[in-house]
Amino acid sequence: MTTIPDAATGAHNPTRNQQLLGDALTQIKKLKGEIAALKKRQHMPIAVIGMCCRYPGAVTTPDMFWQLLQNGGNGVTEIDDGRWDMEQLFDADPKMPAKMYSRHAGLLQDIDQFDAELFGISPLELQSMDPQHRLFLEASWVCIENAGYAPSLLAGKPVGVYVGVSSQDYSQLVARFGSLESITPWNGTGISFSAMAGRLAYLLDLRGPALPVDTACSSSLVALHQAIGALRLGECETALVGGVNLIMNPATNMLFCKAMMLSPDGRCKTFDASANGYVRSEGCGVVMLKRLDDALCDSDNVLAVIRGSAVNQDGRTQGFTAPNETSQVEVIRRALSNAEIMPQYVSYIEAHGTGTSLGDPVEMGALATAYCHQRDIDNALWVGSLKTNLGHMEAAAGIGGLQKIILMLRHNAIAPHINFTTPSRHIDWAAMPQVRVPGALQT
């Protein structure tokens, strides 16, 4: 047996050497355990235990949402609810100043209605609040109850609030039509994105992180990613995640018309040869999350399980608003790795699918690269987009897509992808024979 000189005496001490080796092995075992725990935390599954939605088509509950989806319903209508004078604002010529060439949008009903007394908000403060704040408050309250909890029981607990929001329509209207004399102490908190998340935390006395996320169309999904990370790191025990979007300022519609992004005929025809832009829509969706182990321990009703997520940026592209197929492939692969799932085991993709001749081919190409390599021809990859039903809810689009998938899992069916008759010639369908677009309900 080889011995090592004792550090104190310089003499050979077999007993001491064995002790040192034993301590080293114990430490290695401990470190291995810590590494395993960190890896487990990094890939910890997250449970969805509650949800609430307010979407176009008079959708106010998950059941109503599913009825619209399975029937191939359309929530987009002409803008005729009195919010704007469309006869003055409309012109088919996109070059006309101060006009919009699209008459359509997916609109919510009764956005002026709010139970201020329930939330302890005074009439004067209410007048200064962006209606998006009010919509998110109500949806969060209903989501908590949907999960089987009384909102008051969350007081003092580490509950996180993450909300995707990007529309500044209300603040722009206030700046345009308001006056210095009309400023109140509540103007700042009434239009601030940070106050939207903070207000819910304040009213319910929630002690976890509370923050808004503005990454445009991906806002609510990035909010979801942030919440998943916070749950895995132990920054909160429960999280409310949502997205909200309201269309109040006609100038925003004009802006998108000048950029030629909107569909003149008011239909989002994702992946179709006639795709000519998207339709703007309103909406609000909220989900309640917990770590799966905690949800099972608390006997929560688990609606779905999220196993992984990822976020990146397109970086340099052909233009500031143009997508990057390489970046999309990278983020998909990172999400699959985080979820510890092989791509061939994914059977459905809820696509961004805006219905544009640039975005759709890039996205479908990325999906084919990420999911169809070495995929058996008979192992179909179904791809659909909620935007064909409801239009583009912008900051709330991602959470709507998530809830659509949850409902499809619950009903064991794939909802039809409407407005799809002739496959787009800009998409190389021959290179992705495994890809299917569900023209009808798949059960």
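See above for the structure.
Overview of the structure. (Residues numbered from 1 in each chain as written. Predicted model: local features only at pLDDT ≥ 70, side-chain atom pairs only at ≥ 80, totals over all residues. Heavy atoms only, no water.)

## Digging into the overall build of the protein
- The helix and strand inventory of the protein stands at 15 helices and 11 strands.
- Along the longest, intermediate and shortest principal axes, the C-alpha atoms of the protein span 100 × 60 × 40 Å.
- Counting across all 443 residues of the protein, residues that qualify as buried make up 49%.
- Taking all contacts inside the protein whose residues are at least 6 apart in sequence as the whole, residues at least 24 apart take part in 78%.
- For the protein, the computed accessible surface area is about 21,200 Å², with 55% contributed by carbon and sulfur atoms.
- Here the protein carries 34 positive and 43 negative side-chain charges, and the mean point of each set is 7 Å from the other. (Helix = DSSP H or I, 4+ residues; strand = E, 2+ residues; numbered from the N terminus. Buried < 20%, exposed > 50% of the residue type's maximum accessible area, 1.4 Å probe, protein only. Contact = heavy atoms within 4.5 Å. Areas by Shrake-Rupley, 256 points an atom, 1.4 Å probe, with all protein chains shown as cover. Lys, Arg positive; Asp, Glu negative; His and termini not counted. Charge placed at Lys NZ, Arg CZ, Asp CG, Glu CD.)

## Thoughts on the pattern of salt bridges
- Scanning all chains against the criterion turns up 12 salt bridges.
- We note a salt bridge from Glu87 to Arg103, for which the minimum N-O separation is 3.5 Å. Taken as a pair, Glu87 in helix H3 (residues 86-89) and Arg103 in the loop between H3 and strand E3 (104-105) lie far apart in primary sequence, 16 residues in all.
- On the basis of relative accessibility, which here comes to 21%, the residue Arg103 falls in the partly exposed class. (Salt bridge = Lys/Arg side-chain N within 4 Å of Asp/Glu carboxyl O.)

## Overview of empty space enclosed by the protein
- Using the criterion set out here, one finds 1 cavity of 30 Å³ or more in the structure.
- As a volume, the largest cavity reaches approximately 60 Å³.
- The wall of the largest cavity is formed by Arg54, Asp110, Ile111, Gln113, Pro131, Arg134, Leu135, Glu138 and Leu246.
- Per-element accounting of the lining of the largest cavity gives the leading share, 4 residues, to helix H5 (residues 131-146).
- Residues belonging to the lining of the largest cavity are distributed by class as follows: 4 nonpolar, 1 polar and 4 charged. (1 Å grid on protein atoms, 1.4 Å probe; cavity = no way out; pocket = protein on both sides within 12 Å on 5 of 7 lines; lining within 4 Å. Points joined across faces, edges and corners; volume = space filled by probe spheres on them. Nonpolar A, V, L, I, M, F, W, Y, C, P; charged D, E, K, R; others polar.)

## Examining the environment of Leu367
- Mapped onto the fold, Leu367 is located in helix H13 (residues 359-371).
- Apart from residues no more than four positions distant in its own chain, Leu367 is found in contact with Ile332, Ile349, Cys372, Leu381 and Val383.

## Some points on the layout of surface pockets
- Here the second largest pocket defines a volume of roughly 220 Å³.
- Taken together, 13 residues line the second largest pocket, and the ones lying closest to its centre are Ser128, Val174, Ser182, Ile183 and Asn187.
- Among the elements of the structure, helix H4 (123-127) and helix H6 (169-177) are those that each provide at least two residues to the lining of the second largest pocket.
- If you tally residues by element for the lining of the second largest pocket, the top one is H6, at 3 residues.
- Among the residues making up the lining of the second largest pocket, the classes are represented as 6 nonpolar, 7 polar and no charged.

## Quick word on the side chain of Ser263
- Mapping Ser263 onto the fold places it in the loop between helix H10 (250-258) and strand E7 (283-291).
- There is a polar contact of 2.9 Å between the side chain of Ser263 and the side chain of Asn276.
- Apart from the residues lying within four places of it in its own chain, the contact partners of Ser263 are Tyr101, Ser102, Lys269, Asn276, Gly277, Tyr278 and Val279. (Polar contact = N/O pair within 3.5 Å; in protein donor to acceptor, adjacent residues only side chain to side chain.)

## Remarks on H10
- Among the residues of H10, Pro250, Thr252, Asn253, Met254, Phe256 and Cys257 are the ones counted as buried.
- Each element contacted by the buried residues of H10 is listed here: H3 and H6.
- Positioned one or two residues after H10, Met260 has a phi angle of 60 degrees, which is positive.

## Digging into the nonpolar core
- Formed by 41 residues in total, the largest nonpolar core has its most connected members in Tyr55, Phe65, Tyr162, Ala239, Val241, Val287 and Leu289.
- Elements supplying a minimum of two residues to this core: strand E1 (46-54), helix H2 (62-70), helix H9 (219-233), strand E6 (238-245), E7, strand E8 (304-306) and helix H15 (397-411).
- The dominant element in this core, judged by the number of residues it contributes, is H9, at 7 residues.
- Among all residues touching Val287, those that are not within four sequence positions of it are Val48, Gly50, Met51, Cys143, Ala239, Leu240, Val241, Ile399, Leu402 and Gln403. (Core = buried A, V, L, I, M, F, W, Y, C linked by side-chain atoms within 4.5 Å.)

## Some details on the packing of H2 against H15
- Across the interface, H2 lies against H15 with an axial gap of 10 Å and an inter-helix angle of 85 degrees. By the angle between their directions, the pair H2 and H15 is classed as roughly perpendicular. From H2, Pro62, Asp63, Phe65, Trp66 and Leu69 reach across to H15, where they touch Gly400, Gln403, Lys404, Leu407, Met408, Arg410 and His411. (Axes fitted to C-alpha atoms, helices over the stretch in contact; angles between N-to-C directions. Parallel < 35°, antiparallel > 145°, perpendicular 65-115°, else oblique.)

## Notes on the sheet that holds strand E10 (residues 381-384)
- Read across the open sheet, the 3 strands follow the order E9-E10-E11; overall the sheet is parallel. Unpaired on one side and paired on the other, strand E9 (348-350) and strand E11 (435-436) mark the two borders of the sheet.
- In the sheet, E9 pairs with E10 via 3 bridges, with the strands oriented parallel. The residue of E10 that forms the bridge with Ile349 is Val383.
- Packed on one face of the sheet, H13 meets E9, E10 and E11 and runs near 155 degrees to E10.
- The sheet strands contacting H15 are E9 and E10, and the helix crosses E9 at an angle near 150 degrees. (Pairing = 2+ DSSP bridges.)

## Comments concerning the pairing of E6
- A large share of E6 lies buried, amounting to 8 of its 8 residues.
- Taking every second residue as pointing to the same face, both faces of E6 are buried, with Thr238, Leu240, Gly242 and Val244 on one and Ala239, Val241, Gly243 and Asn245 on the other.
- When strand E4 (residues 159-164) meets E6, the two strands line up parallel, connected through 6 bridges. In the sheet register, Val161 faces E6, and the bridge partner there is Leu240.
- In this structure, E6 lies alongside E7, joined through 8 bridges in antiparallel fashion. From the neighbouring strand, Gly243 faces E7, where its bridge partner is Gly285.

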